[in-house]
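So you can see what is in the structure, the chains are spelled out below.
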Amino acid sequence: MSEYASDRPRFFVIAVDGPAASGKGTIATGLAKAYKLPVLDTGLLYRCVGVLMKKARGNLDDEAAACAAAALLTADQLDDPALRTRAAGELASRVAVHPRVRNALMEFQRTFARQEGGAVLDGRDIGTVIAPDAPAKLYVTASPKVRAHRRWTQLKAQGERVSQKDVLADIRRRDARDGGRDAAPMKPAPDAVLLDTSEMTIEQAADAARRIVEVARARWNTTS
Ligand code: DC
């Protein structure tokens, strides 16, 4: 039986899923700080595999090669600023369609989730596949236009020159690929609370997320 399969999950895992630039990363970091929990941006794992494939001039559609790259991945590779680029996001989405790549990255994520006290993980399939029994699940969204504007601002600050129109096209393409794939498609878990941040400031979104988690935490505390 899995450690997640009791009435009261042992680990207070906060699953934060949602599409690119929805605000989930900022929300996850804020929640981790508020609850003094470690946080994992699982998108970095896929970005790292994509960048490794690119460096090796591999074919992104080659599932076996991408799986071999995923198997070599270590935690210290995740701090590389090259993983934060626009190109890395696209590479990540391409390798993330492969079920064997997802499987190769699963144990790393589940081990992270099973830390004493709990953990916060953000991604696309945390609430559905990685930690389906997480006591707190959020699905963070925003309109494609708002997300494109946020991502464009972020990329500009990183020194990338790109138009908002191109960023919007990236976002739409990634939404379609991430949500349309067969393996662990991006979607809200049935028990996730939806949080649309389109009309919210970062502070408002962080507050709203905190309130959602407070309710989940109270429920988790009273489950024996
Ligand atoms: O969150 P992000 O933009 O860094 O993610 C990059 C890509 O990685 C995303 O387009 C799809 C993939 N991904 C995934 O399939 N599952 C996750 N848990 C996280 C990211």
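Residues numbered from 1 in each chain as written. Predicted model: local features only at pLDDT ≥ 70, side-chain atom pairs only at ≥ 80, totals over all residues. Heavy atoms only, no water.

(A) Geometry of the nonpolar core. Counting residues in hydrophobic clusters, the biggest one holds 35 residues, and the most contacted among them are Val49, Val101, Leu105 and Leu121. Elements supplying a minimum of two residues to this core: β1 (13-17), α2 (43-55), α3 (63-72), α4 (86-95), α5 (99-113), β3 (119-123) and α6 (126-130). Here the element with the most residues in this core is α2; it accounts for seven residues. Sequence-distant contacts of Val101, that is, excluding residues within four places in its chain, are made with Tyr46, Val49, Glu63, Ala66, Cys67, Ala70 and Val95. Ranked by size, the runner-up nonpolar core spans 21 residues in total, among them Val16, Leu195, Ala205 and Ile212. (Core = buried A, V, L, I, M, F, W, Y, C linked by side-chain atoms within 4.5 Å. Buried < 20%, exposed > 50% of the residue type's maximum accessible area, 1.4 Å probe, protein only. Helix = DSSP H or I, 4+ residues; strand = E, 2+ residues; numbered from the N terminus. Contact = heavy atoms within 4.5 Å.)

(B) Expanded view of the pattern of salt bridges. Tallied over the full model, the rule gives twelve salt bridges. One salt bridge in this structure joins Lys137 and Asp191, with 3.0 Å as the shortest N-O distance. Here Lys137 is found in strand β4 (residues 136-141), whereas its partner Asp191 is found in the loop between α8 (164-180) and β5 (193-196), with 54 residues between them in sequence. Between Arg147 and Asp175 there is a salt bridge, with its nearest N and O atoms 2.6 Å apart. Of this pair, Arg147 sits in helix α7 (residues 144-157) while Asp175 is found in helix α8, placing the two residues 28 residues apart along the sequence. Judged on exposure class, the residue Arg147 and its partner Asp175 are both buried. One salt-bridge network, held together by shared partners, links Arg86, Glu90, Asp170, Arg173 and Arg177. (Salt bridge = Lys/Arg side-chain N within 4 Å of Asp/Glu carboxyl O.)

(C) The arrangement of the packing of aromatic side chains in detail. Under the criterion given, the structure shown has two aromatic pairs. Look at Phe12 and Tyr35: their rings are 6.5 Å apart centre to centre, the planes differ by 50°, and that puts the pair in the tilted class. Here Tyr35 lies in helix α1 (residues 24-35) and Phe12 lies in the segment before β1, a separation of 23 residues in the sequence. For Tyr35, a relative accessible area of 13% gives the class buried. Plain terms: the ring middles of Phe12 and Trp220 are 5.0 Å apart, the flat faces sit at 55° to each other, and that makes the pair tilted. On the criterion of sequence distance, the pair formed by Phe12 in the segment before β1 and Trp220 in helix α9 (residues 202-222) is long-range, its members being 208 residues apart. Given a relative accessible area of 0%, Phe12 falls into the buried group. Its relative accessible area of 12% is what places Trp220 among the buried residues. (Phe/Tyr/Trp six-rings, centres within 6.5 Å; stacked < 30°, edge-to-face > 60°.)

(D) Inspection of the site of the ligand at higher detail. Around the ligand sit 15 residues in total, of which Arg47, Arg102, Arg174, Asp178 and Arg181 are the nearest. Between the ligand and Arg181, the relevant distance is 2.8 Å, taken from an oxygen atom to a side-chain nitrogen or oxygen of the residue. When contributions to the shell around the ligand are tallied by element, the ones reaching two or more residues are α2, α4 and α8. Looking at the shell around the ligand residue by residue, the classes come out as three nonpolar, four polar and eight charged. (Near = heavy atom within 4 Å. Polar contact = N/O pair within 3.5 Å; in protein donor to acceptor, adjacent residues only side chain to side chain. Nonpolar A, V, L, I, M, F, W, Y, C, P; charged D, E, K, R; others polar.)

So yeah, pure geometry; function would need other evidence.
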